[in-house]
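# Chain and residue survey
Below are the chains, spelled out letter by letter.
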Amino acid sequence: MNGFMKPTPLSKRFLTPGVVVLLLLAVNGLAFLIVRFLFGIGAVTNLSDEYPWGLWVSVDVAAGVALAAGGFTTAAFGHLMHREEFRVILRPALLTAMLGYTFVALGVFIDLGRWYYIWHPLIMWNGNSALFEVGMCVMIYATVLYIEFLPIFTERFIGRVRLKGVLARMNDPFDRLLRVLDSGLAKTMFIFVIAGVVLSTLHQSSLGTLMVIAGPKMHPLWQTPILPLLFLLSAVAVGFPMVIVESILAARSFGLKPEMEVLSRLGSYVAPLLGIYLAFKLGDMFIRETFVYLGGFTTASVMFGIEIIVGVAIPLRMLLSRTVLQSERWLFIAALLVVFGVLLNRINNFIVAYTPPHAIETYFPSIGEISVTVGFVAMIALLYRGCVRFFPVISLPDKHTARKGKYTIRAEEQS
Amino acid sequence: MEIEQTTRREFLRHTAAAGGSLIAGSVYTAQAGPKNSLSPDRMGVLVDTTVCVGCRTCEWACKNAHGIPTQPYHAYEDRTVLARTRRPTHSALTVVNEFPAGETNTHPIDVKTQCMHCDHPACVSACIVGAFTKQEDGSVLWDGDKCIGCRYCMVACPFQIPSFEYSKAIQPDIAKCDFCAGRTSQGMLPACVDICPVGAMTYGPRTDLIKVARARMDRYPNRYLHHLYGEYEAGGTGWLYMASRDFSSLGFPDVGTRPMPGTAESIQHGIFAYFMPPVMLYALLGALMWITKKRREIEEEAGE
């Protein structure tokens, strides 16, 4: 049914009023980053000895990893289970995951006091540390994502290597290299695709293990030994909603029609996934009898309530409705609520639930921290826009051919 | 002095490391975890808060011993700083806080705070690069050559001890009490214990200190609460505290008696037991991929 779609670089104008706003936000973030690197973390953030982790870890890193899960859930369904209908969203999801993980790594980088030692975990191991596992998995998985993106790169450049001047003589060897790479990758891609799914399962869950060691410093509503399972389930549940949100946003931004048929189908898988997550979350609450903390208006109880009701229960109910699934606007809203729910869950786990025994004042992110986080989001959006204009990522109706590829929809070998 | 007890956990850890280096195909045999010894002869300090008068001489001695800039000795006579609760920082590895006398006491109670040097330290378990180690002498030490400044130790520490130099752009330190490793290795007492004018602190083998504390409690049952904070807290700590009233009223957090890293480490080792779960998941997904591909091919043939 979608056999006549073909990923094509979009020929749209780069600069629009929206893009200008994004550029300003990105520059604003960069300005604060310069201050951070010149004068230290304390100059820009509200972090303290009481609250050593703040917005950058909870949103840029923890939520970033979860929201980039679309790459691995679509890969699992599309590649591993060979579901044809997922083809058109594989590449956009892969691009988002790749950009997402790049900025997760950047988020870690800027939050490290000694950022220039970021390579230390490669040779200094601590197998007991959940953070060590997260670090290693994220590092390897980011590499896998880049490898998964390589075929798109070769597709773009095979037969189109046109270097100028002295470098012109390199055109032929480069082209040959790309072709070798392309055929090699086509045969071995399944290794990386499976590795990507395994690595994602590992570090999505281990991100949850991170806070387990904080023990009594974490509010009982969130502190549970099944945190890794909850993190994994919520990451799996948020994968498709994220793809839906970004597909509709991208389509709107480029003046295209969103692939509603595919997105509705994706949306229909979300309710069961959210249901499983909610069941474990509530089951855990009843087994540990933490519902006693829900009484009264405390920050914890209110945040927990918003997270569960607005972020999980309402979108779950919405996504069970056919009308919602088939309406672009309502599907977008429902998916956005799921994304919001997971984002809030990560903020809750890393900031709201964190109650150090000797806290003098509570933590709220500074203007600088917010600026950097917003700047990163703007940069991701800008890079996404740039990439889909340059690389064949978004599928458009193909006028000429509809050739079936093995794992991806391949372009004709060059004209 | 050093008796290595191979627990099941350590066994798992070492085998996991072996599996890890096999899979990574590396010649370099990385130690899977940092040094985390629990010597039966490990040292500790017994703090008797009923003896401490809050003179803060220990703060001065600590700064001197660690090369931290400090006010002159006599400036510590100023007791107004005791008005507010302070925490150890990178510029003061130990601080004394004063708690008002309650109904049971005639005098305010002074409590010295520093790293507790846990028997099962959360920081040692958590540190991504293994910069923290638990030594035979009981001290928990930080290695600045390894630290990447991620501050996970601060998240993990149940006593909220490690402090980070937020104001430094290059080589910010994680600072905490090092049990005066430089002094004790030369046969000297830790600076704070050494200087205490009222003898509120006793340095010695932890097992002996527990006996001493018990004897004191039995001898003066009205003076002491029958609770030695640190004997079981967080699985046991090197520093032990005696007090006349409930520890929660003296700023001691309720951390439970289980070692902090317990749950997190069991989860980690469960996920990575012999690297089997990830490998099995890989095999399972591979099989799934192959089966669905075969099915597709059959469907396609049938369709054509």
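Because the structure is a prediction, the values reported are computed rather than measured. (Residues numbered from 1 in each chain as written. Chains lettered and ligands numbered in written order. Predicted model: local features only at pLDDT ≥ 70, side-chain atom pairs only at ≥ 80, totals over all residues.)

Another aspect to go through is the overall build of chain A. A tally of helices and strands in chain A yields 13 helices and two strands. For 415 residues, the compact-globule estimate of 2.2 N^0.38 gives 22 Å, and the C-alpha radius of gyration of chain A, at 22 Å, lies within 12% of that figure. In terms of overall dimensions, chain A has C-alpha extents of about 70 × 55 × 45 Å along its principal axes. Split into buried and exposed, the 415 residues of chain A put 51% on the buried side. Within chain A, counting contacts between residues at least 6 apart in sequence, those at least 24 apart form 82% of the total. (Helix = DSSP H or I, 4+ residues; strand = E, 2+ residues; numbered from the N terminus. Rg over C-alpha atoms; globule rule 2.2 N^0.38 Å. Buried ≥ 20, exposed ≤ 12 C-beta atoms within 10 Å, placed from the backbone. Contact = placed C-beta atoms within 7 Å.)

Helix and strand counts for chain B stand at nine helices and nine strands. For chain B, buried positions account for 42% of its 304 residues. The long-range fraction of contacts in chain B, counting pairs at least 24 apart against all pairs at least 6 apart in sequence, stands at 63%.

The subject of this paragraph is the nonpolar core. Ranked by internal contacts, the top residues of the largest apolar core, which has 201 residues, are Val238(A), Ile244(A), Cys123(B), Cys127(B), Cys153(B) and Ala156(B). Per-element accounting of this core gives the leading share, 15 residues, to helix H8 (residues 227-254) of chain A. (Core = buried A, V, L, I, M, F, W, Y, C linked by C-beta atoms within 7 Å.)

Moving on to the sheet that holds strand E8 (residues 201-205) of chain B. All names here are of chain B. Sheet architecture is open: three strands sit in the order E8-E1-E9, paired in mixed fashion. Each of the sheet's edge strands pairs with one partner strand only, and the pair in question is E8 and strand E9 (239-242). The average undirected angle you get between the axes of adjacent strands in this sheet is 20°. The pairing of strand E1 (residues 43-48) with E9 spans four bridges and is classified as parallel. (Pairing = 2+ DSSP bridges. Axes fitted to C-alpha atoms, helices over the stretch in contact; angles between N-to-C directions.)

Attention now moves to the domain arrangement of chain B. Taken as a whole, chain B is organised into domain 1 (1-32), domain 2 (34-264) and domain 3 (277-303). Relative placement of domain 2 of chain B and domain 3 of chain B: their C-alpha centres are 57 Å apart. (Domains from an automatic or database assignment.)

Turning our attention to helix H2 (residues 57-65) of chain B. All names here are of chain B. Taken residue by residue, H2 has Cys58, Glu59, Trp60, Ala61 and Cys62 as its buried positions. If you follow the buried residues of H2, they end up packed against strand E2 (95-99), strand E3 (109-113) and helix H6 (191-195). Count one or two residues on from H2 and you reach glycine 67, which has phi positive near 65°.

Let us look at the interface of chain B and chain A. On the side of chain A, 50 residues touch chain B, which itself brings 60 residues to the contact. Broken down by secondary-structure element, the contributors of at least two residues to the side of chain B that touches chain A are helix H1 (8-24), helix H3 (122-126), helix H4 (152-156), strand E6 (163-164), helix H8 (262-271) and helix H9 (276-303) of chain B. The element best represented in the side of chain B that touches chain A is H9(B), accounting for 10 residues. Counted by class, the side of chain B that touches chain A contains 35 nonpolar, 16 polar and nine charged residues. (Nonpolar A, V, L, I, M, F, W, Y, C, P; charged D, E, K, R; others polar.)

Residue and element names in this part refer to chain B. A residue-level look at chain B finds 88% of positions with pLDDT of 70 or above and a mean pLDDT of 86. When mean pLDDT is taken per element in chain B, E9 scores highest with 97 and H1 scores lowest with 45. Contacts of residues 1-31 to residues separated by more than four positions or lying in other chains number 41 contacts, the stretch itself having pLDDT below 50. The complex prediction reports pTM at 0.88, with the ipTM value standing at 0.89. (pLDDT = per-residue confidence, 0-100.)

Okay, the packing of H8(A) against helix H9 (residues 260-287) of chain A next. Residues and elements named next belong to chain A. At a closest axis distance of 9 Å, the pairing of H8 and H9 adopts a crossing angle of 155°. By the criterion of interaxial angle, the relationship of H8 to H9 is roughly antiparallel. H8 and H9 meet at a crossing whose hand is left-handed. Contacts between H8 and H9 pair Leu229, Leu230, Leu233, Ser234, Val236, Ala237, Phe240, Pro241, Val243, Ile244 and Ser247 from the former with Leu263, Leu266, Gly267, Tyr269, Val270, Leu273, Leu274, Ile276, Tyr277, Phe280 and Lys281 from the latter. (Parallel < 35°, antiparallel > 145°, perpendicular 65-115°, else oblique. Left-handed = near helix turned anticlockwise from the far one by under 90°.)

Listed as buried for H8(B) are Ala264(B), Glu265(B), Ile267(B), Gln268(B) and Ile271(B). For H8(B), the arc enclosing every buried residue in end-on projection is 160°, short of the 170-degree limit, so these residues lie on one face. (Arc of directions from axis to C-beta.)

With that settled, the discussion passes to unusual backbone geometry. Residues and elements named next belong to chain B. With phi around 50°, histidine 117 is a residue other than glycine that occupies positive phi space. The residue histidine 117 is located in the loop between E3 and H3 in this model. On the neighbour-count criterion, histidine 117 (27 C-beta atoms within 10 Å) is buried. One non-glycine residue, glutamine 160, lies in positive phi territory at about 55°.

All names here are of chain A. Counting through the fold element by element, valine 302 comes out in helix H10 (residues 299-318). By the C-beta count within 10 Å, which is 13 here, valine 302 ends up partly exposed. Separated by 163 residues in sequence, valine 302 and methionine 139 place their C-alpha atoms 36 Å apart.

So, on to the environment of Glu361(A). Positionally, Glu361(A) belongs in the loop between helix H12 (328-352) and helix H13 (367-390). Glu361(A) gets classed as exposed once you count the C-beta atoms within 10 Å, which come to 9.

All right, on to the environment of Gly236(B) then. Residue and element names in this part refer to chain B. Position of glycine 236 among the secondary structure elements: in the loop between helix H7 (206-219) and E9. Residue class for glycine 236 comes out buried when judged on the 20 C-beta atoms lying within 10 Å of it. Contact partners of glycine 236, with chain neighbours within four places excluded, come to Asp119 and Glu231.

Turning our eyes to something else, we now look at the packing of H10(A) against H12(A). Residue and element names in this part refer to chain A. Between H10 and H12, the least distance of the axes is 8 Å, while the angle of their chain directions is 155°. Put simply, H10 runs roughly antiparallel to H12. Relative to H12, H10 is oriented so that their crossing is left-handed. Contacts between H10 and H12 pair Thr299, Ala300, Met303, Phe304, Ile306, Glu307, Val310, Gly311, Val312, Ile314, Pro315 and Met318 from the former with Trp330, Ala334, Leu337, Val338, Phe340, Gly341, Val342, Leu344, Asn345, Asn348 and Val352 from the latter. Split by residue class, the contact of H10 with H12 holds 17 nonpolar, five polar and one charged.

What follows is about the confidence of the model for chain A. Here chain A shows a mean pLDDT of 89. Residues at 70 or above account for 95%. Taken as a whole, residues 401-415 of chain A scores under 50 in pLDDT and shows 21 contacts with residues more than four places along the chain or in a different chain.

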